[in-house]
Amino acid sequence: IRLVTKRGSGVVCAAFFANGILFAQDATPRPVIDIVKDSKPAYIVLAKDEHKGVMAAAKDLQRDITKITGVTPNIVHSLGETWGKCIVLGSADCPAGAALLNSVGVAVDDLKGKWEVFKVRVLNNVGGKEQVLAIAGSNVRGTVFGIYDFEQKQLGVDPFWFWADHEPATRG
């Protein structure tokens, strides 16, 4: 599964490669991150002191990546526990989460003091990692909304599929 983003803006806007087909709106070259490649998933990283709600959403993300790929990403609390590619989750109102995001080049000053907002960025060669997908929220709800928005719009998984008895199909 590959995430394709809009060049330069860091805003997640487009699509995935699925079964060798690129689904995107135009042919503009865009940064790509492989969430799972050759049965090796990206790590999910969040600060140990992050809000409990963010940890719950991270576990949902882990579960749903596993559902659609058959491969389970590890959830860790430090970039030092990872290599290659990472999904970094953090909240601007959690000092440890904000520091983790800053360590991969995602400033959160623009999120501080706002209510329930988030941003998503794909970054190359930052924090000693090959690639990072960062989901940053202004507060716990902003981060949780960002995670579930990513799942729905980019992974094509309804984050509450289990309530509707509509299990996502394995695609990876």
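Reading the values: the criteria
Residues numbered from 1 in each chain as written. Predicted model: local features only at pLDDT ≥ 70, side-chain atom pairs only at ≥ 80, totals over all residues. Heavy atoms only, no water. Pairing = 2+ DSSP bridges. Helix = DSSP H or I, 4+ residues; strand = E, 2+ residues; numbered from the N terminus. Contact = heavy atoms within 4.5 Å. Axes fitted to C-alpha atoms, helices over the stretch in contact; angles between N-to-C directions. Buried < 20%, exposed > 50% of the residue type's maximum accessible area, 1.4 Å probe, protein only. pLDDT = per-residue confidence, 0-100. Core = buried A, V, L, I, M, F, W, Y, C linked by side-chain atoms within 4.5 Å. Expected span 1.5 Å × (residues − 1). Phe/Tyr/Trp six-rings, centres within 6.5 Å; stacked < 30°, edge-to-face > 60°.

(A) Examining the sheet that holds strand S9 (residues 85–91) more closely. Sheet architecture is open: 5 strands sit in the order S8-S7-S9-S11-S10, paired in mixed fashion. Two strands bound the open sheet, and with one partner strand each, they are strand S8 (75–76) and strand S10 (118–126). Pairing geometry for S10 and strand S11 (residues 129–137), over 8 bridges, is antiparallel. When the sheet's bridge partners are listed, Phe-118 is paired in S11 with Gly-137. Here helix H1 (residues 52–69) sits on the sheet and contacts strand S7 (43–46), S8 and S9; the angle it forms with S7, its principal contact strand, is near 175°.

(B) Quick peek at unusual backbone geometry. If you check the backbone angles, Asp-38 has positive phi at about 50° while not being a glycine. Residue placement: Asp-38 occurs in the loop between strand S5 (36–37) and strand S6 (40–41). Within the chain, Ser-39 stands out as a residue other than glycine whose phi angle is a positive 65°. Considering the arrangement of structural elements, one finds Ser-39 in the loop between S5 and S6. A residue is classified by how much of its surface remains accessible, and Ser-39, at 57% relative accessible area, is exposed.

(C) Fine view of the confidence of the model for the protein. For the protein, the mean per-residue pLDDT works out to 83, and 81% of the residues sit at or above 70. In the model, residues 3–28 has pLDDT below 50 throughout and makes 60 contacts with residues more than four positions away in sequence or in other chains.

(D) Here's a closer look at the environment of Leu-155. Within the element layout of this structure, Leu-155 appears in helix H3 (residues 140–155). With 87 residues separating them along the chain, Leu-155 and Ile-68 place their C-alpha atoms 8.5 Å apart.

(E) Just the nonpolar core, in detail. Counting 27 residues, the largest nonpolar core has Ile-35, Leu-61, Ile-87, Leu-89 and Leu-133 as its most contacted members. Of all the elements in the fold, those that place two or more residues in this core are S7, H1, S9, S10, S11 and H3. Apart from residues lying up to four places away in sequence, Ile-87 is in contact with Ile-35, Ala-42, Tyr-43, Ile-44, Val-45, Leu-61, Ile-65 and Leu-133.

(F) Focus on H3. With 16 residues, H3 should reach 22 Å at 1.5 Å per residue; the first-to-last C-alpha distance of 21 Å fits that figure. Inspection of H3 places Gly-142, Thr-143, Val-144, Gly-146, Ile-147, Tyr-148, Phe-150, Glu-151, Gln-154 and Leu-155 among the buried residues, and these make up the whole buried set. A positive backbone phi angle near 75° is found at Gly-156, which sits one or two residues after H3.

(G) Just the packing of aromatic side chains, in detail. Here the structure, examined in full by the defined rule, presents 1 aromatic pair. On the basis of an interplanar angle of 75° and a centroid distance of 6.4 Å, the ring pair of Tyr-43 and Trp-83 is categorised as edge-to-face. You can see Tyr-43 sitting in strand S7 and its partner Trp-83 sitting in the loop between S8 and S9, a full 40 residues away along the chain. A residue is classified by how much of its surface remains accessible, and Trp-83, at 54% relative accessible area, is exposed.

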